[in-house]
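Each chain, letter by letter, is given below.
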Amino acid sequence: MTTRQCGDVKVVVIDAAKMPFIARNIHLAWGEGQPSVLTRNSAKQAANRAAACRRFVPKNGGSCDEYGFATTDEGGSGARTEEVPLREQRCQGGAISSEYAKAKIGQGDGFLVVISNPAQVATTGFAGADVADEQLEQCAL
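Parameters and conventions
- Residues numbered from 1 in each chain as written.
- Predicted model: local features only at pLDDT ≥ 70, side-chain atom pairs only at ≥ 80, totals over all residues.
- Heavy atoms only, no water.
- Helix = DSSP H or I, 4+ residues; strand = E, 2+ residues; numbered from the N terminus.
- Rg over C-alpha atoms; globule rule 2.2 N^0.38 Å.
- Buried < 20%, exposed > 50% of the residue type's maximum accessible area, 1.4 Å probe, protein only.
- Contact = heavy atoms within 4.5 Å.
- Areas by Shrake-Rupley, 256 points an atom, 1.4 Å probe, with all protein chains shown as cover.
- Salt bridge = Lys/Arg side-chain N within 4 Å of Asp/Glu carboxyl O.
- Polar contact = N/O pair within 3.5 Å; in protein donor to acceptor, adjacent residues only side chain to side chain.

Caption draft 1: Structural detail: the overall build of the protein. Helices and strands together make up the secondary structure of the protein, namely three helices and six strands. Counting from the amino terminus, the protein carries its helices and strands in the arrangement β-β-α-β-α-β-β-α-β. Expected size for 141 residues packed as a compact globule is a radius of gyration near 14 Å; at 14 Å, the protein falls within 12% of this value. Expressed as lengths along the three principal axes of its C-alpha atoms, the size of the protein is roughly 40 × 30 × 25 Å. Across the 141 residues in the protein, those meeting the buried criterion constitute 46%. Contacts in the protein between residues far apart in sequence, at least 24 positions, make up 83% of those at least 6 positions apart. Accessible area of the protein: about 6800 Å², with a carbon and sulfur share of 52%.

Caption draft 2: Focus on the pattern of salt bridges. All chains considered together, the criterion is met by eight salt bridges. For Lys10, the salt bridge identified is with Asp109, shortest N-O distance 3.3 Å. Residue Lys10 is located in strand β2 (residues 9-15), and its partner Asp109 is located in the loop between α3 (86-102) and β6 (110-116); the two are separated by 99 residues in the primary sequence. The class of Asp109 is partly exposed, set by a relative accessible area of 24%. Arg87 is the partner of Asp130 in a salt bridge, and the nearest nitrogen-oxygen pair spans 2.6 Å. On the criterion of sequence distance, the pair formed by Asp130 in the segment after β6 and Arg87 in helix α3 is long-range, its members being 43 residues apart. Taking the relative accessible area as the measure of exposure, Asp130 reaches 23% and is therefore partly exposed.

Caption draft 3: Seen up close, the side chain of Arg87. Look at Arg87 and you get buried, because its relative accessible area is 8%. Here the side chain of Arg87 touches Lys18 through a polar contact of 2.9 Å, landing on its backbone oxygen.

Caption draft 4: Highlighting unusual backbone geometry. For the bond from Tyr67 to Gly68, the omega torsion is 5°, close enough to zero to count as cis. In this structure, Lys104 is a non-glycine residue whose phi angle is positive, near 55°. Its identity as a non-glycine residue notwithstanding, Asn117 has a phi of 55°, on the positive side. Locating Asn117 in the fold gives a position in the segment after β6. Overall, the relative accessible area of 38% leaves Asn117 in the partly exposed class.

Pasting the structure below:
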């Protein structure tokens, strides 16, 4: 797939085979009422990440993941956070940047977040072991 659109809707794909715990956080966030359509706003990234992860303390050597993404208007203090492997965080950063470029998602553009390989979404929280089928640091699709 070379375009990241469904009709007029731009799409960012998160691959659960590569990021099962991040996919879990997104899935749980949707279940808690967080939107699946986000608005890109990279200027808020540092402030959003600080607000979302301010009180986060890793219990299993992982990293703070937030949904809505830090690079969106929906990120920040209202974001859902969960501990994920640091490798997944690195993977996600590259994947989202790549997805923004492929779908031509500019500042202020809305986009739909989609989870591919949904059967690979982690069923429990991160407990210190990276369980991804594909343990890649760079996960651009």
